[in-house]
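Take a look at the letters that make up each chain.
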Number of protein chains: 2
Amino acid sequence: MDADLKEIDTHEKESGFVDGYLLYLLASASHLASGQFHEEIRGAGVRVPEWRVLACLRDNDGQMVTQLARFALMEQSHLTKTIDQMTERGLVTRRSDEADRRRVRIFLSGKGRELAGKLVKQASAHEERLIRQLGMSDIVQVKSFLSRMIETLENNE
Amino acid sequence: MDADLKEIDTHEKESGFVDGYLLYLLASASHLASGQFHEEIRGAGVRVPEWRVLACLRDNDGQMVTQLARFALMEQSHLTKTIDQMTERGLVTRRSDEADRRRVRIFLSGKGRELAGKLVKQASAHEERLIRQLGMSDIVQVKSFLSRMIETLENNE
DNA sequence: TTGTTTTATATGATATCGCATATTATATTT
DNA sequence: AAATATAATATGCGATATCATATAAAACAA
């Protein structure tokens, strides 16, 4: 009977939901690719959340905490604590907003800017290697696809 | 002098490294898209790592811990603890491998399989909505791109 | 003004995560 | 076989992340 056939091939990937699941593919690709660079980052004595903050501030210095947390892909309360540590290390400074004193704006220090610049260079170099290694001729399309996706998701809450 | 010009446009995105950085685009897209579904998951009383384990086991039951950790995108020691909790909740069971008793294989319980099935259905529905919402006509290409990327990165260490 | 609501950040308690290493089992070498 | 090396999982601890809420400022309403 058919029931017997079910027993065969238990080591083959029969159903394979996750292999074709967009969110898993994204998470997995991100996890693997970023993992490589995060090792480099660690080597420079910088943690992942710190790297994200440095990179975001380098692009746009003086962001307020809530906004920065969104860009750096972390929770507000976690960013606050990360900022504490980075302040102690002399990488960033807090300054309360003149116009609205609830707001706290974060600025790179000279040291922080220098480190950020160095890491961004490393990131660029790593990206180049990665793209070459993956033979991604369609990299422009992929990036624009991801950008569209992000924009849509951000606006759609 | 030129120095004065630097002061202008401090609110424009001048350099914008991260906006075009592949790893950031991937992380950001993954973060935002998965974030949506993770809320659903939470609503079902399931945590993200648990959901990943359930989905992976549903595709391939009886995996050993190390292998499963890789697929579920988490560290081995963390998976061990997640398995502890899931075992207590009656979602999975441990069974040591006959041939090599160092190995521990993880199996879905009936309850676990049922939950996994329910969540996979939810995930499929969510994915459909997401793809429709994003108007992703090129979804097949995107997925195959990500798959290629993952395969390359996995094999390359 | 005073009271109420909303917004921005900080804080504290708790759970999660990750590193280093312990434990146990197998493989290899002598 | 005994000793050593390697492999798979578990454990302890310190760091990190998250939730709920506190604090403080601004906006709004009465």
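Rules and cut-offs
- Residues numbered from 1 in each chain as written.
- Chains lettered and ligands numbered in written order.
- Predicted model: local features only at pLDDT ≥ 70, side-chain atom pairs only at ≥ 80, totals over all residues.
- Heavy atoms only, no water.
- Helix = DSSP H or I, 4+ residues; strand = E, 2+ residues; numbered from the N terminus.
- Buried < 20%, exposed > 50% of the residue type's maximum accessible area, 1.4 Å probe, protein only.
- Contact = heavy atoms within 4.5 Å.
- Areas by Shrake-Rupley, 256 points an atom, 1.4 Å probe, with all protein chains shown as cover.
- Near = heavy atom within 4 Å.
- Polar contact = N/O pair within 3.5 Å; in protein donor to acceptor, adjacent residues only side chain to side chain.
- Nonpolar A, V, L, I, M, F, W, Y, C, P; charged D, E, K, R; others polar.
- Pairing = 2+ DSSP bridges.

Chemist: Can you lay out the overall build of chain A for me, pointing to particular residues and giving the numbers?
Modeler: Regarding its fold elements, chain A presents 7 helices and 3 strands. Its helices and strands taken in sequence order, chain A reads α-α-α-β-α-α-β-β-α-α from the N to the C terminus. When each of the 157 residues of chain A is scored for burial, the buried share is 45%. Across chain A, the fraction of contacts at a sequence separation of at least 24, relative to all contacts at a separation of at least 6, is 50%. Accessible surface, chain A as shown: approximately 9000 Å² in total, 48% of it carbon and sulfur.

Chemist: Which residues make up the protein's contact with DNA strand C, and what values go with them?
Modeler: Neighbouring DNA strand C are 22 residues; Thr-66 of chain A together with Arg-47, Glu-75, His-78 and Lys-81 of chain B lie closest to it. Sugar plus phosphate, as a fraction of atoms of DNA strand C within 4 Å of the protein: 64%. One nitrogen or oxygen atom from the side chain of Thr-80 of chain A is found 2.9 Å from a phosphate oxygen belonging to DNA strand C. Contact distances for DNA strand C include 2.8 Å between a phosphate oxygen and a side-chain N or O atom of Arg-94 of chain A. Those elements giving two or more residues to the surface near DNA strand C turn out to be helix H4 (65-71) and helix H5 (76-88) of chain A together with helix H5 (76-88) of chain B. Each residue belonging to the surface near DNA strand C can be placed in one class, and the counts come to 4 nonpolar, 7 polar and 11 charged.

Chemist: Any chance you could break down the sheet that holds strand S1 (residues 63-64) of chain A for me, citing the residues and the numbers?
Modeler: Residues and elements named next belong to chain A. Read across the sheet, 3 strands follow the order S1-S3-S2 without closing on themselves; strand pairing throughout is antiparallel. Edge strands, defined here as strands with exactly one partner in the open sheet, are S1 and strand S2 (92-96). Where S1 lies against strand S3 (residues 104-108), 2 bridges are found, and the strand directions are antiparallel. Its bridge partner lying in S3, Gln-63 is registered against Ile-106.

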